[in-house]
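Here's the letter readout for the chains.
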Amino acid sequence: MYELPKRLKSLIPYQPITGAYSVRLDANESFLDTPDWLREEIAAAIKKIAFHRYPDPLCTELREKFAAFFHIDPQLVTAGNGSDELIGLIINTFLGPGEKMAMVRPDFSMYSIYAEIAGVPTAVYEKEPDSLELDRDGLISFVKESGAKLLIFSNPCNPTSQKATMEDMIQIIESLDCLVVADEAYMDFSEGSILHLAQKYDNLILLKTCSKIGMAGIRLGFAVANPALTRVLQAVRSPYNVNAMTQAAGCIWFSHGDYIRSCVEQIKASRNALCRELAALGEQKKEILQVLPSYANFVFLHMSHAKSVFENLAQQGIAVRLMGEYLRITAGSEMENKQLLTALEEILK
Ligand SMILES: *Cc1c(COP(=O)(O)O)cnc(C)c1O
């Protein structure tokens, strides 16, 4: 009789929220819908695809366009079916049997999920409970003592919206012998990317995604690393991991640098406004304990009764993310932010 391995028995499929929400501020997507001119350009490119053929296994044009946008060498780039695919791939590839992975908490939930699936033991470094900042030296000693072969974390961090400085990142990478995977999913909304250092280090993989800047629907992410690491990633990924439609849409997306930058600016403006307005509300409402400064496209809010506030918002058709005593709220359109703030004010009356 077949028995499921123990580590697989407790897994549950990812459950995005469902239901009729009129305001979706839970998934850190961009609130900017794709404009018609861009849709038309993508539609025209998709029309020309040779659907009976496999797509370009090397994603040559896509990697060139991505690299040009970020001013890096396309030889350092691996494309993936979302950066999620790449996270799983990296964990499965670079950790041998019994080898440990280090992570921090709180951080992106998929790291531990992929580790669990792969049967990889983890060592978890807790962030400072008050500031939720990353204690660089504390993390370095922790990883060294744990003997982990891989450290993965997001910078800026999902869900805390905090950021380690470039100097901190360099210190971490240079102090550790293990592989460092720095997930820059939110770095477009902040300064301090170390993408330009990818070539220099033999123990660094950076992750990027299109999902937070306006293209979550096409599932497209990237790993950037030196040629030796990139060679490994290219060898272990499945040969046609990025489908032809995604490659076509991604090429067009990254051809419009000015448009992407304008989207990012609008998202940052919305985040700043949301941060400011929540902080102002916090001045009046004692339930709002702290509004963390944000380097991402969402705001992390420490609240008393977070769960009941979350449920109350959901009842009003407003989806945010509940994380313990915190709410993570994606920056939305002006209208969505306003609906959220009005509802919040009403709930906290
Ligand atoms: C959203 C997110 C991702 C996932 O990106 P996809 O490209 O959509 O798979 C990766 N890392 C972090 C930290 C994220 O928040």
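Nothing here was measured: the structure is a model prediction, and the numbers come from that model. (Residues numbered from 1 in each chain as written. Predicted model: local features only at pLDDT ≥ 70, side-chain atom pairs only at ≥ 80, totals over all residues. Heavy atoms only, no water.)

**With respect to the packing of aromatic side chains**
For any pair of aromatic rings, the description consists of the separation of the ring centres together with the inter-plane angle of the planes. For clarity, the threshold we go by: Between 30 and 60 degrees the pair is tilted, below 30 it is stacked and above 60 it is edge-to-face, where a pair is any two Phe, Tyr or Trp rings, Trp via its six-membered ring, whose centres lie within 6.5 Å. Exposure is judged per residue with a 1.4 Å probe applied to protein chains only, and the accessible area is read against the type maximum: over 50% gives exposed, under 20% gives buried, and values in between give partly exposed.
Scanning all chains against the criterion turns up 14 aromatic pairs. A ring pair is formed by W253 and Y259, whose centres lie 5.9 Å apart and whose planes are at 90°; its orientation type is edge-to-face. For Y259, a relative accessible area of 17% gives the class buried.

**Things to note about the pattern of salt bridges**
Should their charged atoms come close, side chains of opposite charge can pair. This is how the line gets drawn: Between Lys or Arg on one side and Asp or Glu on the other, a salt bridge is scored when a side-chain nitrogen of the former is within 4 Å of a carboxyl oxygen of the latter. Helix and strand definitions here come from DSSP, where helices need a minimum of 4 consecutive H or I residues and strands a minimum of 2 consecutive E residues; each element is numbered from the N-terminal end.
If you walk through the whole model with that rule in mind, you get 13 salt bridges. Its salt-bridge partner being D188, residue K208 comes within 3.3 Å of it at the nearest N-O pair. One end of the pair, K208, is in strand β7 (residues 204-209); the other, D188, is in the loop between β6 (179-183) and β7, with 20 residues separating them in the sequence. D188 matches K208 in its accessibility class, with the two residues each being buried. Between K349 and E346 there is a salt bridge; the shortest N-O distance is 3.6 Å. Taking relative accessible area as the criterion, K349 reaches 77% and is therefore assigned exposed. The exposure class assigned to E346 is partly exposed, which follows from its relative accessible area of 48%. Here the residues in one salt-bridge network are R136, D137 and D168, joined through shared partners.

**Some details on the sheet that holds strand β10 (residues 298-303)**
We count it as follows: Strands were regarded as paired on the criterion that DSSP finds at least two bridges between them. Here an angle of 0 to 180 degrees is reported between the N-to-C directions of two axes, which are lines fitted to C-alpha atoms, with helices fitted over the stretch in contact.
In spatial order, the strands read β9-β10-β13-β12; together these 4 strands make up an open sheet with antiparallel pairing. Looking at the sheet topology across the chains shown, the edges are occupied by β9 (288-291) and β12 (321-323). Shown here is a sheet whose adjacent strand axes are inclined to one another by a mean of 25°, direction ignored. As defined by bridge partners, β9 adjoins β10 across 3 bridges and the pair is classed as antiparallel. Directly across from Q290, in β10, lies its bridge partner H302.

**Quick word on the pairing of β7**
Buried residues dominate β7, accounting for 6 of its 6 residues. Of the two faces of β7, the one lined by L204, L206 and K208 and the one lined by I205, L207 and T209 are each fully buried. Sheet topology places β6 next to β7; 4 bridges connect them, and they run parallel. By the bridge assignment for β7, V180 is matched with L204. Here β7 runs beside strand β8 (residues 221-225); their pairing, made up of 5 bridges, is antiparallel. Paired with T209 across the strands is G221, a residue of β8.

**What about the site of the ligand?**
Note the threshold: A molecule or strand has a residue near it when one of that residue's heavy atoms lies within 4 Å. The term polar contact refers here to a pair of N or O atoms within 3.5 Å; inside protein, the definition further demands a hydrogen-donor-capable atom paired with an acceptor-capable atom, and it admits residues adjacent in sequence only when both atoms are side-chain atoms. Exposure was quantified through the Shrake-Rupley algorithm and a 1.4 Å probe, taking into account, for residues, occlusion by the shown protein chains and nothing else.
Residues in contact with the ligand amount to 14 residues; listed here are only the nearest, D183, Y186, T209, S211 and K212. In this structure, N158 approaches the ligand through a side-chain N or O atom, which is 2.8 Å from an oxygen atom. Within the complex, 94% of the 380 Å² of free accessible area of the ligand lies under protein. Elements that contribute at least two residues to the shell around the ligand include exactly α4 (82-94) and α8 (211-215). With 3 residues, the single largest contributor to the shell around the ligand is α4.

**Some remarks on helix α9 (residues 227-236)**
The condition that has to hold: When we speak of the arc, we mean the arc of directions from the helix axis to the C-beta atoms.
Within α9, the full set of buried residues consists of L229, T230, L233 and Q234. Seen along its axis, α9 keeps its buried residues to an arc of 140°; they face one direction. Set apart from the buried face of α9 by more than 90 degrees, the exposed residues are R231 and A235.

Read these as geometric descriptors, not functional statements.
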